[in-house]
Structures are given as C-alpha cells and as structure tokens.
Amino acid sequence: MNTVFIISAPSGSGKSTLVSRLLNEVPGVTFSVSYTTRKPRGLEEDGSAYHFIGREEFEQRIAADEFLEYAEVFGNYYGTHCGVLERARSEGKDLVLDIDVQGAAQLRKRIPDAVTIFILAPSRESLEQRLRARGQDKEEVIRRRLADAAKEISNYDLYDYVLVNDHLDEAAETLKSIVRAQRAKRERVEDRIRPILASFAGTPAAGV
Ligand code: ADP
Ligand code: 5GP
C-alpha cells in the first residue's frame, strides 16, 4: 500500500526546494507532474516540473474528464492527471502532489487517507525576499502571489502537518521524517510482520 502526500504552500515558501530534497534523498517517492497553462519559468523543462500546455488543450482535457482535480491559480490552470495515482500504485511508490489549497480540498474528498502537509515561510518578509531571490517572476506576479499568500495561509488548519521552512536543512529533515513515519504505520508493515510472527510459531508465549 502506498501513501499519497499532498503538499501545499504559498508560492515562494520553498515547497519545490523541499520536495526535490525529499525526492533525491528518500527512495521510493515519486512526484505527480501536473499540467499547467503557465509558461515555463527559468530552466523548467516540459514533462519535468510540469506538462506545459495551452488553455484550449487544458479545457479539452477538462471536458474529457482527464483530471483528478484542477484549479485556476494566479490566472492559469493547474491540474493533476487521473493516471498519476495508478502509476504510483503500480510502481509501489509513495506519491507527492504539489497542489494549491483548492486542489487539496478536492482531493481530500477523493483520497481520504492522503497525508496533507502545509509549508510556511517564517514571515511575510522572508516570503517576499524568497520570491525576489528566485528572480524569475515579474514584479506584478510577485505582488499577486504575496496578496494571495494571506488567503492561502488561512487554510493551514485543514492540513495534518504544518512545516515552517526557516532553516532549510531542518525543514527537509522534518519532511523526510513525516514520509518515513508514515511508512512505519502498522497497516503499512503488515506484510513484513506476518513472516516475523510466523517465525515465532510454536514458541509458547510468556504470560503478560
Ligand atoms: P515554492 O516552490 O514554494 O514556490 P521555491 O522552492 O522555488 O518555492 O523557493 C523560493 C526561493 O526561496 C528559492 O530561491 C529557494 O532557493 C529559496 N529558499 C527555499 N527554502 C529556503 C530557506 N529555508 N531559506 C532561505 N531560502 C530558501
Ligand atoms: P507555480 O506556478 O509557482 O509552480 O505554482 C503555483 C501554484 O499552483 C502552487 O500553489 C502550486 O501548488 C499549485 N499547483 C501546481 N500544480 C497544481 C495542480 O495540479 N493542481 C492544483 N490545484 N494546484 C497546483
């Protein structure tokens, strides 16, 4: 049984940085590559960060019911393709979805046992600095993302975990710990427990 991790955060909080640390440092985790009508930023490659498509194609895919969830964020469409869940399951991998609060609300209903994580920068000032330091968005886009951050943050209490991304190494360790702890849950280790129990068969149990 694999786990679906839904991660949301205001843009610039460091979500992509943390998710790439998780993917590089914990084996058996795969990333859901979303579809978007946003233009590629910096060195983003098609099929890696996102599948970049036009508005018309996105709307055709909505009509064909291809998305597990989709939302309009900052004036662009973003959506999770239905196939990602099945692919992760067949590969036996945990799946990480980087989606906004609207998408997370839709998916919580469809995947009730998904683990949800909200990431926060330590303050508004640091969020603004990070958006500027990234140096890939126009001033108007940065302003819009900051304005939307306040609204997004108010949804933090709908998530299972809240991670403050102050010191990057510490936040990355916490994120990896959440994934590892999930893997140690009883229902995830049943298959490993059975042969251990079988190896004790015939040994009389001492009274408690
Ligand atoms: P998001 O995916 O949430 O939009 P990014 O991962 O692109 O955010 O991070 C935004 C910027 O902040 C990047 O330049 C990144 O290197 C930087 N950053 C990420 N985490 C930290 C941190 N803990 N301290 C300082 N800068 C950070
Ligand atoms: P960015 O343009 O900075 O990559 O992403 C903007 C926002 O869109 C982020 O909050 C990100 O989590 C969200 N997002 C990315 N992919 C998806 C998706 O497939 N569905 C939804 N609902 N949001 C997404």
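Look up a bit, the structure's there.
Residues numbered from 1 in each chain as written. Chains lettered and ligands numbered in written order. Predicted model: local features only at pLDDT ≥ 70, side-chain atom pairs only at ≥ 80, totals over all residues. Heavy atoms only, no water.

Enquirer: Mind showing me how you'd approach the packing of helix H5 (residues 124-134) against helix H6 (residues 139-153) here?
Expert: When two helices pack together, their arrangement is captured by the angle between the axes and the distance separating the axes. At a minimum axis separation of 11 Å, H5 and H6 run at an interaxial angle of 150 degrees. The pairing of H5 with H6 is recorded here as roughly antiparallel in orientation. Regarding H5 and H6, the two cross each other, and that crossing is right-handed. Here Arg-124, Leu-127, Glu-128, Leu-131, Arg-132 and Arg-134 of H5 come into contact with H6, specifically with Glu-139, Ile-142, Arg-145, Leu-146 and Ala-149. Split into classes, the residues belonging to the contact of H5 with H6 amount to five nonpolar, no polar and six charged. (Axes fitted to C-alpha atoms, helices over the stretch in contact; angles between N-to-C directions. Helix = DSSP H or I, 4+ residues; strand = E, 2+ residues; numbered from the N terminus. Parallel < 35°, antiparallel > 145°, perpendicular 65-115°, else oblique. Left-handed = near helix turned anticlockwise from the far one by under 90°. Contact = heavy atoms within 4.5 Å. Nonpolar A, V, L, I, M, F, W, Y, C, P; charged D, E, K, R; others polar.)

Enquirer: What should I look at first to understand the site of ligand 2 in this one?
Expert: By nearness alone, 19 residues border ligand 2, and Ser-34, Arg-38, Tyr-50, Tyr-78 and Asp-98 come closest of all. Contact between ligand 2 and Arg-38: an oxygen atom at 2.6 Å from a side-chain N or O atom of the residue. In the model, a nitrogen atom of ligand 2 is placed 2.7 Å from a nitrogen or oxygen of the Asp-100 side chain. Burial of ligand 2 by the surrounding chains reaches 96%, relative to a free accessible area of 510 Å². Structurally, ligand 2 is housed in the largest pocket. Counting only elements with at least two residues in the shell around ligand 2, the list comes to strand S5 (67-73) and strand S6 (76-81). (Near = heavy atom within 4 Å. Polar contact = N/O pair within 3.5 Å; in protein donor to acceptor, adjacent residues only side chain to side chain. Areas by Shrake-Rupley, 256 points an atom, 1.4 Å probe, with all protein chains shown as cover. 1 Å grid on protein atoms, 1.4 Å probe; cavity = no way out; pocket = protein on both sides within 12 Å on 5 of 7 lines; lining within 4 Å. Sits in = over half its atoms within 2 Å of the grid points.)

Enquirer: Would you mind going over the site of ligand 1 with me for this structure?
Expert: Around ligand 1 sit 13 residues in total, of which Gly-12, Ser-16, Thr-17, Arg-134 and Asn-165 are the nearest. Between an oxygen atom of ligand 1 and a main-chain N or O atom of Gly-12, the distance comes to 2.7 Å. Measuring from an oxygen atom of ligand 1, one finds a backbone N or O atom of Ser-13 at 3.2 Å. Protein burial of ligand 1: of its 570 Å² of free accessible surface, 75% is covered by the chains. Here ligand 1 occupies the largest pocket. Elements with a minimum of two residues in the shell around ligand 1: helix H1 (15-25) and H5. It is H1 that contributes the most residues to the shell around ligand 1, three residues altogether.

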